[in-house]
Amino acid sequence: MENNQGSGGGQNEYFVVKAKENGVHVIGLTRGQDTRFHHTEKLDKGEVMIAQFTEHTSAVKVRGKAIVLTKFGTIDTEE
C-alpha cells in the first residue's frame, strides 16, 4: 500500500477498524485550533472500515469493541 506523506505530517496514512460488536462508532476529529467532531460512522459486527488521515482529519475516536490496525501495530479496544 502506498503511503503518500503530505506536508500535513501523518496526512494520508491509512488505518483499519474492524467491529467486534454491533454499534461501533468511528468518529473523525478535525485539524486546526479547535478540535471538533466532523464525521461519524457506525459499524456492525464484522464490518471493516478502511480510512485515512487527511488535511481535515487529524484524529479518530473509536467507541465500542473493535480491532484497529495502523502502521504502528494492532490495538484491541477490549485490552
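Residues numbered from 1 in each chain as written. Predicted model: local features only at pLDDT ≥ 70, side-chain atom pairs only at ≥ 80, totals over all residues. Heavy atoms only, no water.

A few points about the packing of aromatic side chains
Stated precisely, the cut-off is as follows: Stacked, tilted and edge-to-face are the three classes assigned to paired rings of Phe, Tyr and Trp, where Trp is represented by its six-membered ring and a pair needs centres within 6.5 Å; plane angles under 30 degrees give stacked, over 60 edge-to-face, the rest tilted. Comment: elements are numbered from the N terminus, with helices defined as DSSP H or I runs of at least four residues and strands as E runs of at least two. Here the term buried applies to any residue with accessible area under 20% of the maximum for its type, exposed to any over 50%, and partly exposed to those in between, with areas from a 1.4 Å probe on protein chains only.
Per the stated rule, a full pass over the model turns up one aromatic pair. Plain terms: the ring middles of Phe15 and Phe53 are 5.1 Å apart, the flat faces sit at 40° to each other, and that makes the pair tilted. Pair noted here: Phe15 is in strand E1 (residues 14–19) and Phe53 is in the loop between strand E4 (48–52) and strand E5 (57–63), with a separation of 38 residues, a long-range link. Taking the relative accessible area as the measure of exposure, Phe15 reaches 6% and is therefore buried.

Remarks on the sheet that holds E5
Where we set the bar: Any two strands are treated as partners once DSSP identifies two or more bridges connecting them. Only the contacting stretch of a helix is used when fitting its axis, a line to C-alpha atoms as for every element, and angles between N-to-C directions run 0 to 180 degrees.
Judged by pairing direction, the sheet is antiparallel, and its three strands sit side by side in the order E3-E2-E5 without closing on themselves. Both edges of this open sheet fall to strand E3 (37–43) and E5, since each of them pairs with a single strand only. Within the sheet, the average angular offset between the axes of one strand and its neighbour, ignoring direction, is 20°. One ladder, built from six bridges, connects strand E2 (residues 24–30) with E3; its direction is antiparallel.

Overview of the sheet that holds E4
Judged by pairing direction, the sheet is antiparallel, and its four strands sit side by side in the order E4-E1-E6-E7 without closing on themselves. At either end of the open sheet lies a strand with only one pairing partner, and these are E4 and strand E7 (73–76). Averaged over all neighbouring strand pairs, the angle between strand axes comes to 20°, with direction disregarded. Here strand E6 (residues 66–70) runs beside E7; their pairing, made up of four bridges, is antiparallel. Looking at E7, one finds that Ile67 is bridged to Asp76.

A look at the nonpolar core
In a soluble, globular protein the nonpolar side chains are often hidden away together inside. Here is the rule we go by: By nonpolar core is meant a set of buried Ala, Val, Leu, Ile, Met, Phe, Trp, Tyr and Cys residues that side-chain atoms within 4.5 Å join together. Note on contacts: a residue pair qualifies if any of its non-hydrogen atoms lie within 4.5 Å across the two residues.
Counting residues in hydrophobic clusters, the biggest one holds ten residues: Phe15, Val17, Ala19, Val24, Val26, Leu43, Met49, Ala51, Ala66 and Val68. When contributions to this core are tallied by element, the ones reaching two or more residues are E1, E2, E4 and E6. Top element by residues in this core is E1. It accounts for three residues. Every residue in contact with Ala66, bar those within four places of it in the chain, is listed here: Val17, Lys18, Ala19, Lys20, Val24, Ile75, Asp76 and Thr77.

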